[in-house]
Amino acid sequence: MAEAYRAIPITERVYWVGAVDWTLRDFHGYTTRRGSSYNAYLILADRVTLVDTVKKPFKEEFLSRVASVIDPRKVEVVVSNHSEMDHSGCLAEVIEEIRPREVYASPMGVKTLAELSPSLSTGITAVADGRSVSLGNMTLSFMETRMLHWPDSMFTYLQEEKLLFSHDAFGMHLASHERFADEVDTAVLEYEAATYFANILLPYAGLMTKLLARVDSAGLSFDVIAPDHGPVWRRNPGWIVERYRRWAQQKRAKKAVVVYGTMWHSTEKMARYIGEGLSSRGVPAKVMAVDAFHRSDIAYEMLDAAALVVGTSTLNNNMLPKVADVLTYLKGLRPLNVVGAAFGSYGWSGEGTLQVNEVLKEMKAALPLEPLRVRHVPTTSDLAACRELGEKLADILNA
Ligand code: FEO
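Note that the structure is predicted; figures quoted are calculated from it, not measured.

Rules behind the numbers
Residues numbered from 1 in each chain as written. Predicted model: local features only at pLDDT ≥ 70, side-chain atom pairs only at ≥ 80, totals over all residues. Heavy atoms only, no water. Pairing = 2+ DSSP bridges. Helix = DSSP H or I, 4+ residues; strand = E, 2+ residues; numbered from the N terminus. Axes fitted to C-alpha atoms, helices over the stretch in contact; angles between N-to-C directions. Polar contact = N/O pair within 3.5 Å; in protein donor to acceptor, adjacent residues only side chain to side chain. Contact = heavy atoms within 4.5 Å. Buried < 20%, exposed > 50% of the residue type's maximum accessible area, 1.4 Å probe, protein only.

### Remarks on the sheet that holds strand β13 (residues 139-144)
On the basis of which strands lie adjacent, the open sheet formed by 5 strands has the order β12-β13-β14-β15-β16 and mixed pairing. With partners counted over all chains shown, the strands left at the sheet margins are β12 (132-134) and β16 (224-226), one partner each. Averaged over all adjacent pairs, the angle separating strand axes in this sheet is 20°, with direction ignored. Where β13 meets strand β14 (residues 154-158), 5 bridges bridge the pair, whose relative direction is antiparallel. By the bridge assignment, Met-143 is partnered in β14 with Phe-155.

Structure representation (structure tokens):
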């Protein structure tokens, strides 16, 4: 019978042995329209090594790719760079089947894996930050990358190949037959890498900047970056590193995102006039209805937008549920250096807009303008006030 799955060579001695998840559409709240991959790697060193495993339902695909190169029971070493279940879901079963001599994880990884699965509570060796392990003819070194994006995350560096196994970092959710970034359309790479950073790594942007400075000061250079999702960076890995450096700084463009939820189109009208006001003063505004855009699309736009303007109708003394959804999500992503404003139409009491203003405050957005509230249907002068709000915000961004 023909082999279903084959390993893909990354270098002469390193193979991709992961799995492609063509149908994944949600990654805890982040919409993944192009699916994803769970990347794992096989190193054919004297001591044969696996770096990471895959999500539980993909175990057979993963082991089958390993078996296309070598008997899986010849694997001596397993490294777990990141214990989130998309990379460790089948780890316990894989260890049981292949019986490696050593399993390595960061100190926090050892703790986390034990908490995720009782059968991983023994037999895993913690490797301290900076420690190296000999594979005979090759050497692995480890660098803890705490909170990027879990406490356990660590980089593994294959010295002889200058190859970085970077766990989630430098990855993207993209299911494809192409295994290398240089085989994928650049516009797709740009969009998916930025969406991934905006939805997963943004809360830890400050740590990312520190990590990249650490990599620089250690003089580490990479010929290949092999992340746990999406394509491998084998040509010009600096392309993605430079983008991470820029995104992590959260330097914002003169651009506004106007997000709104509306019941009877009054708040929608306000949003459009605010957007016009912004754009008329040279600040392009993306006007995004919560009914038309997914929260992770809004997060993508907020990766570089300098202003977040949020509108809601008031429903039963509250902001609209979908507006609350988006704001809860954005608050968790902790975008910095943002100017905010709240607006909305209401019929009786109008708490919704004020609640939005409070959440923007909690997000530490600068709020130079009072919330703009309109009763029922905006009049011509109300709409002029909306336009003026947009113009004033633009003036602040342009100052
Ligand atoms: Fe791909 Fe944090 O797991």
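So that's the structure; there's more coming.
### Side note on the sheet that holds strand β8 (residues 49-51)
With mixed pairing, the 7 strands of this open sheet are ordered in space as β1-β2-β7-β8-β9-β10-β11. One side of each edge strand has no neighbouring strand; the edge strands of this open sheet are β1 (8-9) and β11 (125-126). Relative to strand β10 (residues 102-105), strand β9 (residues 77-80) is paired through 4 bridges, and the arrangement is parallel. Residue pairing across strands places Ser-80 opposite Ala-105, the latter belonging to β10.

### Quick word on the side chain of His-82
Locating His-82 in the fold gives a position in the loop between β9 and α2 (85-88). A polar contact is formed between the side chain of His-82 and the side chain of Glu-84, at a distance of 3.4 Å. Engagement of the side chain of His-82 in a polar contact is seen with the side chain of Asp-168, the distance being 3.1 Å. In this view, His-82 contacts Asp-52, His-87, Ser-88, His-149, Trp-150, Asp-152, Ser-153, His-167 and Asp-168; residues no more than four positions away in its chain are not counted.

### Quick notes on the environment of Ala-4
Along the chain, Ala-4 turns up in the segment before β1. Using a relative accessible area of 62% as the deciding quantity, one classes Ala-4 as exposed. Residues Ala-4 and Ser-64, 60 residues apart in the sequence, show an inter-C-alpha distance of 7.5 Å.

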